[in-house]
Amino acid sequence: QVQLVESGGGLVQPGGSLRLSCAASGSIFSTYIMGWYRQAPGKERELVATVTSTGYTNYADSVKGRFTISRDNAKNTMYLQMNSLKPEDTAVYYCNARYFHGDSPRWYNYWGQGTQVTVSS
C-alpha cells in the first residue's frame, strides 16, 4: 500500500554534493521508520542511515559526518544530504519504509525503485 519514489541521483565529482529525496504515500507517514540503503556492484545492500518517527537518526560508520538524513512529515518526504562524496559512495540508493501494524500483527516493509549515484572524475 505504501509507494516510495526516489529522486535526486546523478553524476558528481569527488568532493561534491547531492541531495536525494524520497516521496512516500500513506496517511500515517509520520509513524514510519524511514531509511536509506545502497547497493554497489558485487556487494550486498547495506544500511546508510535511518530516521524514526520522532527524529532519532542512525548512520553507517562509512558515511558518518558526511551524510545527513532528515524527514518532513508534512510533505511525506525523506531526504539524504550527501557531502564530500567519494568514489566508493557510487551505488544505487534505495528508500525504505517500515512500520508495525497490530491488526495482523506484523511488520510491513516497503522499498522504492532506487536512484543511481555515481561519483567519478
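Anything mentioned here points back to the structure above.
Cut-offs and rules
Residues numbered from 1 in each chain as written. Predicted model: local features only at pLDDT ≥ 70, side-chain atom pairs only at ≥ 80, totals over all residues. Heavy atoms only, no water. Pairing = 2+ DSSP bridges. Helix = DSSP H or I, 4+ residues; strand = E, 2+ residues; numbered from the N terminus. Axes fitted to C-alpha atoms, helices over the stretch in contact; angles between N-to-C directions. Disulfide = S-S within 2.5 Å. Buried < 20%, exposed > 50% of the residue type's maximum accessible area, 1.4 Å probe, protein only. Salt bridge = Lys/Arg side-chain N within 4 Å of Asp/Glu carboxyl O. Phe/Tyr/Trp six-rings, centres within 6.5 Å; stacked < 30°, edge-to-face > 60°.

Participant: Can you help me understand the sheet that holds strand S7 (residues 67-72) in this one?
Facilitator: Adjacent strands of a sheet pair through backbone hydrogen bonds, lying either parallel or antiparallel. In space, the four strands of this open sheet follow the order S1-S3-S8-S7, with antiparallel pairing throughout. Whereas interior strands pair on both sides, the edge strands pair on one side only; in this sheet they are strand S1 (4-7) and S7. On average, adjacent strands in this sheet sit at an angle of 15 degrees to one another, irrespective of strand direction.

Participant: I keep staring at the state of the cysteines and nothing clicks. Help me out?
Facilitator: A disulfide bridge is the covalent bond that connects two cysteines by way of their sulfur atoms. A full pass over the atoms with the stated rule returns one disulfide. Covalently, Cys 22 is tied to Cys 95 through a disulfide, its sulfur atoms 1.9 Å apart. Here Cys 22 and Cys 95 share a disulfide; its torsion about the S-S bond, -75 degrees, makes the bridge left-handed. In this pair, Cys 22 is assigned in strand S3 (residues 18-24) and Cys 95 in strand S9 (residues 91-101), connecting sequence segments 73 residues apart. You'll find Cys 22 and Cys 95 in the same group, each marked buried.

Participant: Explanation requested: the pattern of salt bridges in the structure shown.
Facilitator: In a structure, side chains of opposite charge can pair up when their charged atoms sit close to one another. For the structure shown, the criterion picks out three salt bridges. When the shortest N-O distance is used, the salt bridge between Arg 38 and Glu 46 registers 2.8 Å. For Arg 38, a relative accessible area of 6% translates into the label buried. Look at Glu 46 and you get partly exposed, because its relative accessible area is 29%.

Participant: I would appreciate a short explanation of the packing of aromatic side chains in the present structure.
Facilitator: Any aromatic ring pair is given by two values, namely how distant the centres are and how the planes are angled relative to each other. According to the stated counting rule, one finds six aromatic pairs in the structure shown. Between the aromatic rings of Tyr 37 and Trp 111, the centroid separation amounts to 5.0 Å while the plane-to-plane angle is 70 degrees, which identifies the pairing as edge-to-face. Separated by 74 residues along the polypeptide, Tyr 37 in strand S4 (residues 33-39) and Trp 111 in strand S10 (residues 106-111) bring together distant segments of the chain. Among the aromatic residues, those joined into a ring-pair cluster are Phe 29, Tyr 32, Tyr 99, Tyr 108 and Tyr 110.

Participant: Just to check I follow, could you spell out the pairing of strand S8 (residues 77-82) for this structure?
Facilitator: Each regular strand shows side chains that alternate between the opposite faces of the sheet. Among the six residues of S8, five are classified as buried, and the element is accordingly described as predominantly covered. Examined bridge by bridge, S7 and S8 share six bridges and lie antiparallel to one another. Bridging across to S8, Phe 67 finds its partner in Met 82. The turn linking S7 back onto S8 is made up of four residues, and Asn 76 within it adopts a positive phi angle of 50 degrees.

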